[in-house]
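Commentary on secondary and tertiary structure
Here is what each chain is made of, one letter per residue.
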Amino acid sequence: MKSSRRLGLVMIAPAAIMIVLFFLMPVVLTAVFSMTNMTTATGISGGVYQIAPNSLIALKSAMPDIAAEMTEPRYAIDEAGLKAVEGLGLAPGIAAELRAKHAGEVFPTRREAERMIKDLADRPSTREVKQISEQFNRSVVNTRFDSKEQLFSALDTVGLQLTPEQKERVAEATYTGWTWTTDNFSRIATSPDMARVLFNTALYVALVLTLFNVGYALLLAIWTHYMPPTPASIFRGIWLLPRITPVVIYVMLWKWLAWDTGFISILMGKFGYPPKNYLLDNAYNAWFFVVLINGFIGASMGMLVFSSAMKAIPKSQFYASEVDGASRWQQIRYIILPQMRWPILFVTCYQTLSLLASFNEILLATNGGPGNTTEVWALSAYHTALRNYAGNLEYGLGAAMALVLVVIGVMLSLLYLRVFNYGTLVAKPLIED
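Cut-off values and rules
- Residues numbered from 1 in each chain as written.
- Predicted model: local features only at pLDDT ≥ 70, side-chain atom pairs only at ≥ 80, totals over all residues.
- Heavy atoms only, no water.
- Helix = DSSP H or I, 4+ residues; strand = E, 2+ residues; numbered from the N terminus.
- Polar contact = N/O pair within 3.5 Å; in protein donor to acceptor, adjacent residues only side chain to side chain.
- Buried < 20%, exposed > 50% of the residue type's maximum accessible area, 1.4 Å probe, protein only.
- Arc of directions from axis to C-beta.
- Contact = heavy atoms within 4.5 Å.
- Domains from an automatic or database assignment.
- Pairing = 2+ DSSP bridges.
- Phe/Tyr/Trp six-rings, centres within 6.5 Å; stacked < 30°, edge-to-face > 60°.
- Salt bridge = Lys/Arg side-chain N within 4 Å of Asp/Glu carboxyl O.

Focus: the environment of T245
- On the secondary structure map, T245 appears in the loop between α12 (229–244) and α13 (247–258).
- In the structure, T245 is positioned 52 residues away from I297 in sequence and 9.6 Å away in space, judged by C-alpha atoms.
- Side-chain polar atoms of T245 contact the backbone oxygen of L241, separated by 2.5 Å.

Shown next, in the form of structure tokens:
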């Protein structure tokens, strides 16, 4: 018995590894990234501290006086400047006197620094004064610091007297790397654009799922069930073409149909209508084609599942119903549909999750247009994290949007299991063989 269990664990190990690597790990990593503010600007590795123009803008709203002081150059009498003065070839007493009397001093303006230099014992000329003062010109703007300590040391060097709280605020505003945060979920919850995208997603899933992936697929399965075997197989094969056709070619065919140079415009031109792009002419047309493009793909899978389930229904039930004088509609209502609960649950749950995560067809057909009217959640997450017009890709926000999609999918799956009474479907039969 123990050897059988070990053998079972060995046999299931590859599948378990695949589940961990290709399902659990991506979800875990998505959850981790969703708690960060990673963008193209921050990168995915550690950053540096840099008082750049964008960080100065952030500091101006919180500490306007300090931000203004940072933008102004200061003149610090430090060892590096003194060595530079020695290299100018001026009177040797100048550098010695500056080191002895003024080392460590910081002058807020060039005028004050040059006034001090003019008062030196060797009395340098005006040109030499400007040369000397330039060696002590110090600024923290656009300078990169690898750590907080280097940043704080530079601020102290230029004479910016900040409290520990102010230093931490400056460090937070000037850090160019990513940080841990929950702001992504706050943005999702409060953004009106996110609410619109969520509505688009609900509309898209509801229309395609009910009209095609379940409704029309069930209708196709019933039609082919009552057809002779050979025509039924040919009909099912034709409906499989949208699914097996490469998505780029499939969408291009729809575009040829709906573009201003496509079949519809040519046909309508015969009746005096000017050509136009029916795919992107307005939001209603865009939604019409989005539903059709995705619906024809989804209907094929549902048709196969439902057709296979109908073949599993004992033929004796149909023969008995015909003897009793039942019509086709009565057979559908009292024989077929009651025994289709499990296939309908499977198709509904699977296709819901598939529609929530799919965006390839919409990306190729409308790219969310016109005016983001067909932008669904998965497509918006793709645009946010991997491709947008602004250029600054927001990896953390995109991951948060993907995580929300995972949570929605799990909740809908549990709801389906409850609505279709999954416990009854998998319960042991009351009568054992």
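Details of helix α4 (residues 79–86)
- Among all positions of α4, only G81, L82 and V85 are buried. Viewed end-on, α4 has its buried residues packed into an arc of 100 degrees, placing them on one side of the element. Of the exposed residues in α4, those oriented more than 90 degrees away from the buried face are A80 and K83.
- In the core, the buried residues of α4 are packed alongside α5 (92–101), α7 (126–134) and β4 (137–138).

Re the domain arrangement of the protein
- Domains assigned within the protein are domain 1 (49–174) and domain 2 (186–425).
- Once you take the C-alpha centre of each, domain 1 and domain 2 turn out to be 65 Å apart.

Structural notes on the sheet that holds strand β2 (residues 74–76)
- Strands sit in the order β3-β2-β4 across an open sheet of three strands; the sheet is antiparallel. Among the strands making up the open sheet, the edge pair consists of β3 (106–107) and β4.
- Examined bridge by bridge, β2 and β3 share two bridges and lie antiparallel to one another. Of the residues in β3, the one forming a bridge with A76 is V106.

Structural notes on the packing of aromatic side chains
- For the structure on display, the rule yields 14 aromatic pairs.
- The interplanar angle of 75 degrees and the centroid separation of 6.0 Å between the aromatic rings of F212 and Y216 together place this pair among those described as edge-to-face. With F212 and Y216 both in helix α11 (residues 192–225) and four residues apart, this pair spans about one turn of that helix.
- Taking the centre distance of 6.4 Å and the plane angle of 80 degrees together, the rings of Y250 and W254 count as edge-to-face.

Focus on the pattern of salt bridges
- Taken as a whole, this structure holds 11 salt bridges when the rule is applied.
- Of the charged contacts in the structure, one is a salt bridge between K101 and E97, with a shortest N-O distance of 3.3 Å. Of this pair, K101 and E97 are both found in helix α5, four residues apart, which corresponds to roughly one turn of the helix.
- Here E97 falls in the buried class, since its relative accessible area comes to 13%.
- The residue R110 makes a salt bridge to E114 at a minimum N-O spacing of 2.9 Å. One end of the pair, R110, and the other, E114, are both in helix α6 (residues 110–118), four residues apart, so they sit about a helical turn from each other.
- Judged by relative accessible area, which is 30%, R110 ranks as partly exposed.
- Overlapping salt bridges, with partners in common, bring together R110, E114, K130 and E134 in one network.

Some words on the side chain of N184
- Here N184 shows up in helix α10 (residues 183–190).
- At 2.9 Å, the side chain of N184 and the backbone oxygen of S34 are in polar contact.
- Reaching out from N184, the side chain makes a polar contact with the backbone oxygen of T36 at a distance of 2.6 Å.
- Among all residues touching N184, those that are not within four sequence positions of it are S34, T36, G396, L397 and A400.

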